[in-house]
Amino acid sequence: MNAQERNDISYEDVKSIKPIVKMLRLNDVQHAGQADNPVAAHKKINLFIIGTGNVGTAFIEQIFSQADYLTREYNIDFRIVALANTRHMLIKRSGIKHDEWKEELKSEGVSTDIDLFVQQMFSLNLPGSIFIDNTASEEISSIYRMILSGRISIVTCNKIAASSAYENYYELKRIAVEKGVHFRFESNVGAGLPIIQT
């Protein structure tokens, strides 16, 4: 696939957003200090995203391109609060804009420090926070317990945590239940083969 063909991909066809919408439809995101108000006009969801490669970029663009649809159909307002890759990270409480995110990450982002990223995520203490892992990094999957213990939901396509020892997977699910948050995983086998249905 050449660069032009990659640019012609319709992000609406990418299924990576499905676990998030499914999670939110099943149950409101629970967060310490968040009022339980099922009749609220919109759910405000704050995304902290790690990974801006091919999968991460497709996911980010899908969030932006489907923002109006998600608000209209599901009453969900998504805001990307933080982005990080192996080189830079950017955290903006007010949200990162669609047409500026790549340039902002390069020009305004600081050197990536995963511990600082997580610390800032906890410090902001935003209701409806979700940590999104679009990497294949063992280092990132190793901090899932800490994130779930801090009452922040996780949605990931990183296969490592979910395909490691069953005890590790079970512990992540147990912590999520105990803390009233979600641990959602969906991916595929093979190099970018499409998911037909799950």
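So, how was this worked out
- Residues numbered from 1 in each chain as written.
- Predicted model: local features only at pLDDT ≥ 70, side-chain atom pairs only at ≥ 80, totals over all residues.
- Heavy atoms only, no water.
- pLDDT = per-residue confidence, 0-100.
- Contact = heavy atoms within 4.5 Å.
- Phe/Tyr/Trp six-rings, centres within 6.5 Å; stacked < 30°, edge-to-face > 60°.
- Helix = DSSP H or I, 4+ residues; strand = E, 2+ residues; numbered from the N terminus.
- Buried < 20%, exposed > 50% of the residue type's maximum accessible area, 1.4 Å probe, protein only.
- Pairing = 2+ DSSP bridges.
- Expected span 1.5 Å × (residues − 1).
- Core = buried A, V, L, I, M, F, W, Y, C linked by side-chain atoms within 4.5 Å.

**Q** Teacher, can you tell me more about the confidence of the model for the chain here?
**A** Any segment with low pLDDT has predicted coordinates that should not be analysed in fine detail. Model confidence for the chain is summarised by a mean pLDDT of 81, while 73% of its residues fall at 70 or above. pLDDT under 50 marks residues 1–14. Its contacts with residues more than four places away, or in other chains, come to 12 contacts. Here residues 26–35 scores under 50 on pLDDT; set against residues more than four positions off or in separate chains, the count is 25 contacts.

**Q** For this particular structure, what's the right way to read the packing of aromatic side chains?
**A** Given two aromatic rings, their pairing is described by the distance between the two centres and the angle made by the two planes. Evaluated as defined, the whole model comprises 6 aromatic pairs. Between Phe48 and Phe117 the ring centres are 6.5 Å apart and the planes differ by 90°, which places this aromatic pair in the edge-to-face class. Taken together, the residues Phe48 in strand β1 (residues 43–50) and Phe117 in helix α6 (residues 114–124) connect sequence positions 69 residues apart. The buried category is assigned to Phe117, whose relative accessible area is 0%. Taking the centre distance of 6.4 Å and the plane angle of 75° together, the rings of Phe117 and Phe131 count as edge-to-face. Here Phe117, found in helix α6, pairs with Phe131, found in strand β5 (residues 129–133); they are 14 residues apart in sequence, far enough to count as distant.

**Q** What's the story with the pairing of β5 in this structure? I'm lost.
**A** Consecutive residues of a regular strand have side chains that alternate between opposite faces of the sheet. Burial runs high along β5: 5 of the 5 residues are buried. Neither face of β5 is exposed, since Ser129, Phe131 and Asp133 on one face and Ile130 and Ile132 on the opposite face are all buried. Two elements, β5 and strand β6 (residues 153–156), share 4 bridges in a ladder whose sense is parallel. What sits directly across from Ile132, in β6, is Val155.

**Q** Would you mind going over the environment of Ile175 with me for this structure?
**A** Among the structural elements, Ile175 can be located in helix α10 (residues 166–179). The spatial distance from the C-alpha of Ile175 to the C-alpha of Tyr144 is 9.9 Å, given a sequence separation of 31 residues. Setting aside chain neighbours within four positions, we find Ile175 in contact with Arg145, Leu148 and Ser149.

**Q** Any chance you could explain helix α3 (residues 54–65) here in plain terms?
**A** Residues three or four positions apart in an α-helix share a direction because the helix packs 3.6 residues into each turn. When the terminal C-alpha atoms of α3 are compared, their 16 Å separation across 12 residues agrees well with the 16 Å that a helix rising 1.5 Å per residue should span. For α3, the tally of buried residues reaches 9 of 12 residues, placing the bulk of the element in the interior. Looking at α3, one finds that the buried residues are Gly56, Thr57, Ala58, Phe59, Ile60, Glu61, Gln62, Ile63 and Phe64.

**Q** Explain the nonpolar core to me, please; I cannot follow it from the model alone.
**A** The nonpolar side chains of a soluble globular protein tend to be buried with one another. Phe48, Phe117, Phe131, Tyr144, Ile147, Leu148 and Phe183 are the most contacted members of the largest nonpolar core, which has 26 residues in total. Elements with a contribution of two residues or more to this core: β1, β2 (76–84), α6, α8 (144–149) and α10. Dropping the residues within four chain positions of it, Ile147 is found in contact with Val118, Met121, Phe122, Phe131, Ile152 and Ile154. Residues Ile63, Ile76, Leu90 and Ile96 belong to the second largest nonpolar core, which totals 19 residues.

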